[in-house]
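# Inside the fold
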Amino acid sequence: MRRSLPAVLAAVLAAPPQAGAVVLKLRAGGEENVPSVKVEAGSVVLPDGKTLPREAVEEIRYAEGAPAQTALTSAPAASIEGAALLRRAAAFAKKNPGVDGIILAEGDDVTLRKDGTEVERQTFTGQILKEGLKGSWGRVASSFEDGRSRVRILKATVYEPDGRVFPLDPSKVQVTRPQAESLFFQDYRETTCQLPQLQVGSVIDWEVEVETYNPFRKDFFFPEWGFQDFAPVQDSTFRITVPEGTKLYTSATHFTGPWKGKDKADVSTKDGRTTYAWKLGDLPPIVREPDMVPYGDISPTVKASLFGSWDRIYDWLSKMYETRSTPGPELTRFTKELVKDQPTTEAKVAAIYHYVQKRVRYIAVKLGVASGWGGYDANLTWKRRYGCCIDKSLLLSAMLRAIGVKASPVLLDTNYSAAHDFKVPDIGFEHAITHITLDGKGMFLDSVGEDFRFPQLPTMDYGVKTLVVFDRKEETVPMPKPAENLSDYRYDLALSTDGAATARFSASYNGTHEGELRGYYKSLKDSELKKNFEDQVEGVSPSARLTSYRAENAQDLSKPFDLGWSCVLPDYLVSAGDLYLLKLPGLEQEFPETSLAKRRYGIEHHESFEKRWRYDVTLPPGVGVASLPKAETLEGPGETFKMGCRAGGKGLTCEADITRARRVVDVGEYSAHKAFLDKVARLTKERVFLKKGGA
Amino acid sequence: MRTFVLAAALAVLAAPRASADLVFLNGGEELSGSVVSVSSADVVLQADGKETSTPLSKVLKVKLVRVYGLPGETDAGRVADPDLKALLAAPPKPSDFPDDGYVTLRDEKDCAVGEDRRAVCTRRVVRAVLRERAKEKAANVRTYYLDGVEKAGIDWARAFNGNKVSDLDDTSVEQGSEYSRYPDYDRLKSVKFAMPDVATGTVIDYRTRLESPVDVATEPFMASMSFRSFEPVVLARFTLTTPKDVPFAVFAHGLPKGAEVKVEDLGASVRRTWEVRDVPSFKEEDQMPPLSRIAPYVEVAPASTWPEAARAASDAIAPLLAPDAAVAAQAAAVVKGKKTPAAKAEALYDWVAAKVKYESVTMGSYSFVPKAPGTILAAKAGDALDKPFLLFALLRAAGLKPQLAYLKDKGDYPFEQTLPSLGQFSAAAVLLDVGGKRRVLVPLEDNHRWLDVPEWLQGVGGLVVTGPEAGKTFVQPLTAAAREGESDRLSLSLSADGSLTGSATLLPQGADQASWRALKDWKRQDVDHEFEQLVHEIHPQARLVKYSVDGLEDPTRDLRVHVSFAIKDYALTASGGYMAFRLPWVEASAEGVGAPSREQPLFWWKRAREDKDMTVRLPRGWRLYYAPPPAVLSGPGSTYHASYEPRAGTLRYSSRSRREDDTVLPGDYARYKEFREAVARYAQRWIVVKKG
C-alpha cells in the first residue's frame with residue numbers, strides 16, 4: 001500500500017470567538033458565539049430555530065461586555081530603541097559578571113477602575129546572557145478565566161545584538177488550555193506566544209495586559225509584587241492606581257539592607273485617580289542555597305487591600321463554610337454509626353479524622369470562585385469520596401459537628417512557602433486544615449495527609465500562622481517538642497572472630513515521621529517490602545543476608561507504625577592488619593545544608609525532631625576494644641547532640657542522640673549551626689577499633 | 001458561523017442520565033441542580049424537588065454537566081453486560097491477590113478500521129480496588145491524543161460499591177494540552193478523569209474512545225497494547241478489525257503461554273484477536289527496564305515496507321528542501337574558515353545545538369514531518385525532529401552529503417524490524433560520512449559534544465529516510481564505555497594531625513561530560529556553590545580551596561575539571577598511634593542488589609566507565625601499617641581492578657571500573673550481585689598508618 005504523509009500538521013486550536021452575548025462551548029471542541037440561547041427539555045435552541053442536543057453543549061457562557069481575547073501588537077519597534085536598550089544592558093551586565101541574564105526593568109501596574117473592574121499590566125525587559133535562559137525566558141504567557149478576565153499580549157519584541165528587531169507576530173499568539181497535574185481539575189486558559197530568534201545577547205521586551213472585566217467581588221482587590229528575581233534587576237516597579245478617595249491599605253516586607261526606608265510609596269493623584277508607586281533599583285540576583293528560606297521570605301514585597309481588617313474575609317468565608325460544613329441527616333447518621341463504639345470523645349474524633357484522611361482521596365476540582373475558595377458541600381464530598389484540602393476540611397468539620405465537637409476550617413500557607421503576611425487581608429492562601437476544640441483545648445488537624453495518626457499532622461503545617469475562620473482569629477500551628485517527633489533506633493550486634501556478625505534492628509516512632517514512613521511502607525507490595533529490607537541490610541554491609549523483617553500497622557492508622565529486621569553480616573568487620581574497624585550502622589549523618597562556607601539566606605526546615613540510637617555489641621572471644629570514640633556533647637542554635645560508648649562485660653554499648661527544636665536558622669546563626677552539624681557529621685563517622693588477641 | 005456536526009457523533013455514545021448541572025454566578029456563587037430551562041430572562045434549576053429561578057443578569061455561565069453512565073443501569077442489578085454482572089456479584093477478594101493493590105478484571109482494546117479507512121479504538125477497563133494504596137492509580141485515568149489526527153472521548157465511566165453505582169460526571173473530567181509550554185509544538189492533548197466514590201472494594205468500569213478522522217495510510221498509524229503491568233490482569237484482549245483491502249502487519253512480543261491468538265474472516269474484513277488471561281503483576285525492582293521493554297505486547301500498523309515508509313517521509317520532506325537563501329547564508333557563515341568536512345560538520349552541529357532552542361517534544365507528540373528549514377531557522381527553536389532536520393539542511397547547504405534518519409526511543413517498545421512504520425520513531429539524527437567514518441549527529445541539547453549520542457537514543461533501531469541509503473534500517477549502537485564515564489586523578493597529602501589536602505582533575509566523557517557542561521548556563525555564584533557542595537560531600541570538614549573548568553564554553557574541547565580542597569580531621573585516630581582513612585571518591589555500595597534473585601533484567605541507558613588514579617603523600621614519621629591487597633574482580637558485563645602500591649613515603653592507588661553492557665539478565669544476576677558486593681567490600685576497606 002502506498003503511504004504518504006500530509007504536509008506539516010500545525011496544531012489546531014479553537015479560534016477565539018468574537019465578542020457577543022452568549023458563547024457556547026461545544027463538547028466536540030471549539031466555541032460558538034450566538035446572540036442568545038434557550039434550553040428546553042433536551043435541546044439547546046438557537047435564535048434561528050436550529051437546535052442542538054443538550055449533550056452537544058458543555059457550557060453556556062454569558063459574555064456580554066466581554067472584550068475579545070485578542071492580541072495586539074504595538075507598532076514595529078524601532079531599532080534605535082533596541083540600540084539604547086542594548087547599550088543599557090551592556091552597562092548593567094558589566095556590573096553583574098557571571099550571571100545568566102539581567103533584567104533591565106520589571107514591573108507590575110495594577111489599576112482598579114471606578115466600576116470595580118481591574119486591569120493589570122506586567123512588563124519585562126531583560127537580556128539573555130547564557131544559552132540556558134532561552135528556555136525559561138523564551139515564552140510569554142498569562143492565564144485567564146473565561147467570563148471574568150482576558151489577556152492581551154501588547155508587546156513582545158526581541159532586539160538582537162546585531163540591530164535586528166523582531167516584533168510580535170500576532171499570528172503566533174495562541175490560546176491554550178494547559179493540562180493540569182493529574183489530581184487537579186481547573187477551568188482556566190492561557191494566552192501564550194513563543195519569542196523568536198532568541199540568542200545570547202537578545203534583549204526581550206514584553207508587556208501583557210490582564211483585564212478582570214467581571215470580578216466576582218469588586219472589593220476583593222489584592223495586588224502583590226515581589227521586587228527581587230533570580231537575575232539582577234536594574235529597575236523593579238510596582239504601581240497601584242485606585243479611584244481618588246479610595247483608601248488603600250498596604251504592607252511592605254523585607255525592605256532591609258540597601259532598601260531600608262524605601263518601603264513607603266510615592267503617592268500622586270491625577271485625573272481622579274491616585275497612584276501608589278514603589279521603585280527599587282540594582283537588586284542583586286537571588287542565589288540558590290541548600291534548604292534556603294522561600295523566595296517570599298527574602299525578596300522585598302508589597303501587598304495591598306481596599307480594607308484593613310480581616311472581618312470582610314471572615315464574613316465571606318464563614319458564610320460559605322457554614323453552609324458547606326453543615327452535615328445533612330444522612331451524613332450525620334453515618335458519622336454517629338462510625339463512632340458508636342468509640343469510648344471517648346477523643347477516640348471518636350480520632351476515628352473521624354482517620355476516616356476523612358483515608359476514605360476521601362485527594363482530588364482538587366476548582367471550577368469557579370465558590371469551589372475554588374469555598375470548597376464543595378461536605379455532604380457532596382462525602383458521596384464523591386474525593387476532595388481537595390478545603391473539601392476535606394469542610395467534611396471533617398461537618399462530621400465533627402455531627403457529634404457535637406466544635407470545628408472550623410482553617411486557611412494557611414504551608415511552611416514550604418513564605419510566611420503569609422497578615423498585616424493587610426487577602427485570600428491568597430494555598431492550603432486548608434481544621435481547628436477543633438476538644439475538651440476545651442484547641443488543636444489543629446490536617447485530613448489531607450492520609451497516614452498521620454491522630455493528632456499528628458504533616459510537617460508542612462508546623463509553625464505557620466493561620467486563619468481560623470469560624471473563630472475569626474489568627475492562630476499559629478504549634479511546633480512539637482523534639483521528643484514528640486522521635487525516631488528510636490536500637491541495634492544488637494553479635495560479632496564473630498571471622499569478622500561476621502548477626503544484627504537485630506528495631507525502630508519505633510512517634511510524631512510526623514511515623515506518618516511519613518507509614519505512607520512509604522503502605523505503598524509497597526509484600527514482595528517489595530522484603531526486597532526493601534534486603535536492600536536496607538545490604539546497605540549495612542555488602543553480602544548481608546536478611547533473616548527476618550517486620551513493618552507493623554502500615555495500613556492501620558489506629559496503631560503505631562514500627563519496623564525491624566534481623567540479618568547475618570558475613571563480612572561486617574573491616575580488617576586492617578590485626579585491627580578490626582567496627583562501624584555503628586545507621587549512625588552516619590550528612591548535612592548538605594552546611595556545605596557552603598557562608599550563606600546569604602537562612603535555613604528553613606519543616607519540623608522539629610529527635611533521633612536516638614543505641615548499640616549493644618557483643619564481642620567474640622579473643623577480640624578486645626582498642627579504641628572507642630570519645631564521648632561528646634554538643635550544642636548548636638536550637639539543637640543538641642551527644643554520643644558516647646562504653647566497654648563492659650563481653651562487649652560494648654554506644655548511644656547517640658540528636659535533637660532539633662527549631663525550624664528556621666537565621667543567617668546570623670549559620671556559622672554556629674555549621675560548626676555544630678559538621679562536627680556531628682564527623683563524629684558519626686567514627687569507628688570502634690578492635691584488636692585481635694585483645695586490646 | 002460554523003455548522004454543528006455533533007449530533008451523529010454523540011448518538012453512538014451513552015445516553016446521558018439526569019445530571020447535577022452547575023450555574024456559576026457573577027458574584028462567585030455556584031448553584032447545583034438540574035437545568036430545567038434557560039431563557040432570555042433566567043435560568044431555572046431544579047434541586048431537591050424545588051425549582052428556583054436565577055435572573056440571567058446574575059449568571060456567569062451554565063455548565064450542562066454530562067454524566068458518563070449507561071442508560072437504565074442505575075444499580076448493579078440492572079447492569080446489562082452479563083460478564084460484568086457476574087463480576088459484580090462475586091468481586092475478587094484481597095486475599096485472592098495478596099500482593100496487589102488492584103486487579104484489572106478486563107482490559108479490552110478494540111481497534112476497528114472502517115471501509116472509509118479511518119480507525120476507531122476503544123479501551124474498556126474493569127478493575128477492582130483491593131487495597132487502599134491503589135485507589136488513586138485505579139481511579140485516575142488519562143488518555144492522550146494528537147490533535148487533528150485523533151479525538152478522544154469517554155463512552156462511560158462508573159464506580160460500583162456493592163449495588164450502588166456512582167457515575168463519573170464532567171466536574172472531574174479535564175481536557176488539556178500536554179505541551180502548552182512549547183506553543184510552537186503544542187499538539188499533544190489529553191483527557192483525564194477522576195472516578196468518584198472509590199474505596200477498597202470498589203469495582204471501576206470505564207470505556208474510552210480514540211477516533212481518527214484521517215485515513216490510516218496518511219499518518220504513521222500504529223496501535224498497540226501491553227498485556228502486563230504493576231497490577232495483575234485477569235483478562236486482557238486486543239482486537240483489530242480491518243478491511244481486507246487494507247492489509248496490516250502485526251507483531252506480538254513475549255505473549256505468555258496459553259495466550260489465544262485468533263484470526264476471523266468476517267467477509268469484507270478480518271478480525272484478529274490476542275487474548276491473555278491471569279497475568280501476574282510486575283514487582284518493582286531496582287534498575288528495572290522501562291515497562292515497554294519488559295511487558296508482553298502486540299503492535300500493529302498498516303502493512304508496508306521500510307523503503308515505502310522512508311519514501312513517505314522523504315516525499316513529504318522533499319518540498320521542504322528547496323533552496324533557502326537564509327539557510328544557505330547561515331551555513332556559509334558558520335563554516336567560514338573551516339577547511340575539512342569534519343570541521344564544517346562539527347561547527348554546524350555546535351551552532352544548531354547551541355543557537356536553536358530545543359523544545360523537548362518527540363515526533364509522535366507533534367509531527368513526523370519537519371517544518372521547513374527556513375521556518376526552524378527563523379524561530380531558532382526546534383523539537384526532536386526539527387533540530388536535526390535543520391542541521392541536515394545546513395550540512396547540505398555547506399556542500400556535504402548528509403542523510404536524515406529517524407531513531408527509536410530506548411524507553412519505548414524495542415525496535416521491530418518486521419513492522420515497517422514511521423510510528424516506531426521518536427527523534428531524528430543526521431548520518432554523515434566524514435574522514436572515512438560514519439558519524440551520527442543528534443544536535444538536541446548543547447551540552448553534548450558533536451559525536452555524542454544522547455543515552456535515550458543509544459542501542460536503538462533507526463531508518464534512513466533520505467539519501468542513498470533511504471529505506472535501510474540500522475542499529476545505533478551503544479557508545480563505547482571508553483567514551484562514557486569519568487577519569488579522576490588526585491594528588492593528596494595526609495598530615496600528622498589527620499588533615500588531608502588535595503587536588504583533583506576530572507576528565508568526564510559522554511553523558512557525564514554533558515552533565516558537567518550544563519554548568520555553562522549557570523550563574524557563577526551557583527557554580528561556586530556546586531563546587532562547595534561537591535567538596536562537602538567528601539567530608540563534613542572539607543573546604544573548597546579553588547576550582548576551574550577548562551573548556552566549559554568551548555564545545556569543541558573535552559572538559560577538564562580541577563578542584564582543590566583541604567579537610568581537617570579527615571583521618572580517624574585510635575589510641576596506639578594509629579590513623580585510619582579511606583581515599584575520597586572510592587566508595588562503592590551494594591545497595592540495589594540486596595535481593596537474592598530478580599525477575600527482570602537490570603537495565604542502564606548506557607555503558608559506564610570510572611577510572612581513578614591517586615597518590616597520597618603520608619606524613620613524615622608515619623609508616624603504612626595496612627593497605628588492602630589488589631582486587632581483580634569481574635561480573636557479567638563488568639570488571640573492576642584496583643590496587644594500592646606503597647612507594648617511598650607515598651601510597652598510590654589505581655582503579656579501573658567498566659560496565660560494557662546496558663543489561664544484566666536475571667540468569668546472570670546472582671553473579672552480578674556477587675561482583676557488586678565484592679567491589680563494595682573492597683571499597684569499604686581502610687588504610688591504616690602508624691606512627692613511628
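My aim in this report is to walk through the structure given alongside it, one point at a time.

### Digging into the overall build of chain B
- Secondary structure assignment for chain B yields 12 helices and 40 strands.
- Dimensions of chain B, computed from the C-alpha atoms along their principal axes, are close to 95 × 65 × 60 Å.
- Buried positions account for 59% of the 692 residues belonging to chain B.
- At a minimum sequence separation of 6, the contacts of chain B that also span at least 24 residues come to 72%.
- Here chain B holds 92 positive side-chain charges and 92 negative ones, and the gap between their average locations is 6 Å.

### Notes on the packing of aromatic side chains
- Throughout the structure, instances matching the rule amount to 56 aromatic pairs over all chains.
- Judged by centre distance (5.3 Å) and plane angle (40°), the rings of Trp310(A) and Phe422(A) are tilted. On the criterion of sequence distance, the pair formed by Trp310(A) in the loop between strand E21 (301-305) and helix H3 (311-324) and Phe422(A) in the loop between strand E25 (406-412) and strand E26 (431-438) is long-range, its members being 112 residues apart.
- On the basis of relative accessible area, Trp310(A) is assigned to the buried category, the value being 7%.
- Considering the side-chain rings of Phe230(B) and Phe282(B), the 5.9 Å spacing of their centres and the 55° angle between planes classify their relative orientation as tilted. Here Phe230(B), found in the loop between strand E14 (223-226) and strand E15 (233-243), pairs with Phe282(B), found in the loop between strand E18 (269-279) and helix H4 (291-294); they are 52 residues apart in sequence, far enough to count as distant.
- Through successive ring pairs, a cluster of aromatic residues spans Tyr489(A), Tyr491(A), Phe505(A), Tyr509(A), Tyr520(A), Tyr521(A), Phe533(A), Tyr549(A), Phe561(A), Trp565(A), Trp613(A) and Tyr615(A).
- Taking NZ or CZ as reference, Lys611(A) lies 5.5 Å from the ring centre of Phe609(A), over its face.

### Points about helix H5 (residues 345-359) of chain A
- For H5(A), with 15 residues, the first-to-last C-alpha span of 21 Å sits near the 21 Å given by 1.5 Å per residue.
- Where H5(A) is buried, its residues meet helix H4 (329-339), helix H7 (378-384), helix H8 (389-402), E26 and strand E27 (441-445) of chain A together with helix H3 (135-139) of chain B.

### Observations concerning the pattern of salt bridges
- All told, the structure shown has 117 salt bridges over all chains when counted by the stated rule.
- For Glu207(A), the salt bridge is made with Arg121(A), and the minimal N-O distance between the two is 3.3 Å. Note that Glu207(A) is positioned in strand E15 (residues 203-212) and Arg121(A) in strand E8 (residues 118-128), a separation of 86 residues in sequence.
- Here Lys61(B) and Asp187(A) are joined by a salt bridge, their closest N and O atoms 2.9 Å apart. Of this pair, Lys61(B) sits in strand E5 (residues 59-63) while Asp187(A) sits in the loop between strand E13 (184-186) and strand E14 (189-194), which puts the two residues in different chains.
- Judged by relative accessible area, Asp187(A) falls into the buried class, the value being 14%.
- Where salt bridges share partners, they join Glu73(B), Asp81(B), Asp83(B), Arg106(B), Glu108(B), Arg124(B), Arg158(B), Asp205(B), Arg237(B), Glu275(B) and Arg277(B) into one cluster.

### Let's talk about the environment of Lys410(B)
Residues and elements named next belong to chain B.
- In this fold, lysine 410 is placed in the loop between strand E22 (403-407) and strand E23 (427-434).
- With 46 residues separating them along the chain, lysine 410 and tryptophan 456 place their C-alpha atoms 5.1 Å apart.
- With sequence-adjacent residues up to four places away left out, lysine 410 is seen in contact with Pro290, Arg293, Glu455, Trp456, Gln458, Val460, Leu478, Phe603, Trp604, Trp605, Lys606 and Asp662.
- A distance of 2.8 Å separates polar atoms of two side chains, one belonging to lysine 410 and the other to aspartate 662.

### Some points on the environment of Ser292(B)
Residues and elements named next belong to chain B.
- With respect to the helices and strands, serine 292 occurs in helix H4.
- In this view, serine 292 contacts Tyr297, Gly411, Asp412, Tyr413 and Pro414; residues no more than four positions away in its chain are not counted.
- Engagement of the side chain of serine 292 in a polar contact is seen with the backbone oxygen of glycine 411, the distance being 2.5 Å.
- A polar contact of 3.4 Å, which involves the side chain of serine 292, links it to the backbone oxygen of aspartate 412.

### Quick look at the interface of chain B and chain A
- Listed by partner, the interface residues are 159 residues for chain B and 144 residues for chain A.
- With both chains or domains summed, chain B and chain A bury close to 12,300 Å², and 50% of this area falls on carbon and sulfur atoms.
- In this structure, the connection of chain B to chain A is made through 14 salt bridges.
- Note that Arg359(A) and Glu132(B) form a salt bridge whose closest N and O atoms lie 3.9 Å from each other.
- There are 75 residue pairs in polar contact (both at pLDDT 80 or more) connecting chain B and chain A.
- Across the side of chain B that touches chain A, the residue classes break down as 71 nonpolar, 33 polar and 55 charged.
- For strand E3 (residues 38-40) of chain A and strand E2 (residues 30-38) of chain B, the ladder comprises 2 bridges, and the chain directions are antiparallel. Residue pairing across strands places Glu40(A) opposite Ser37(B), the latter belonging to E2(B).

### A look at the sheet that holds strand E34 (residues 574-576) of chain A
Residues and elements named next belong to chain A.
- In spatial order, the strands read E34-E35-E43-E38; together these 4 strands make up an open sheet with antiparallel pairing. Here the strands that pair on one side only, and so sit at the sheet edges, are E34 and strand E38 (623-627). When strand polarity is set aside, the average angle formed by the axes of neighbouring strands in this sheet is 35°.
- Examined bridge by bridge, strand E35 (residues 579-583) and strand E43 (residues 687-692) share 5 bridges and lie antiparallel to one another.

### Focus: the state of the cysteines
All names here are of chain A.
- Summed over the entire model, instances satisfying the criterion amount to 2 disulfides over all chains.
- The disulfide partner of cysteine 645 is cysteine 654, and the S-S distance across this bridge is 2.0 Å. Taking the torsion about the S-S bond as the criterion, the cysteine 645 to cysteine 654 disulfide, at about 110°, is right-handed.
- Accessibility expressed as a relative area gives 1% for cysteine 654, which makes it buried.

Criteria and thresholds
- Residues numbered from 1 in each chain as written.
- Chains lettered and ligands numbered in written order.
- Predicted model: local features only at pLDDT ≥ 70, side-chain atom pairs only at ≥ 80, totals over all residues.
- Heavy atoms only, no water.
- Helix = DSSP H or I, 4+ residues; strand = E, 2+ residues; numbered from the N terminus.
- Buried < 20%, exposed > 50% of the residue type's maximum accessible area, 1.4 Å probe, protein only.
- Contact = heavy atoms within 4.5 Å.
- Lys, Arg positive; Asp, Glu negative; His and termini not counted.
- Charge placed at Lys NZ, Arg CZ, Asp CG, Glu CD.
- Phe/Tyr/Trp six-rings, centres within 6.5 Å; stacked < 30°, edge-to-face > 60°.
- Lys NZ or Arg CZ within 6 Å of the ring centre and 35° of its normal.
- Expected span 1.5 Å × (residues − 1).
- Salt bridge = Lys/Arg side-chain N within 4 Å of Asp/Glu carboxyl O.
- Polar contact = N/O pair within 3.5 Å; in protein donor to acceptor, adjacent residues only side chain to side chain.
- Buried area = accessible area lost by both parts, 1.4 Å probe.
- Nonpolar A, V, L, I, M, F, W, Y, C, P; charged D, E, K, R; others polar.
- Pairing = 2+ DSSP bridges.
- Axes fitted to C-alpha atoms, helices over the stretch in contact; angles between N-to-C directions.
- Disulfide = S-S within 2.5 Å.

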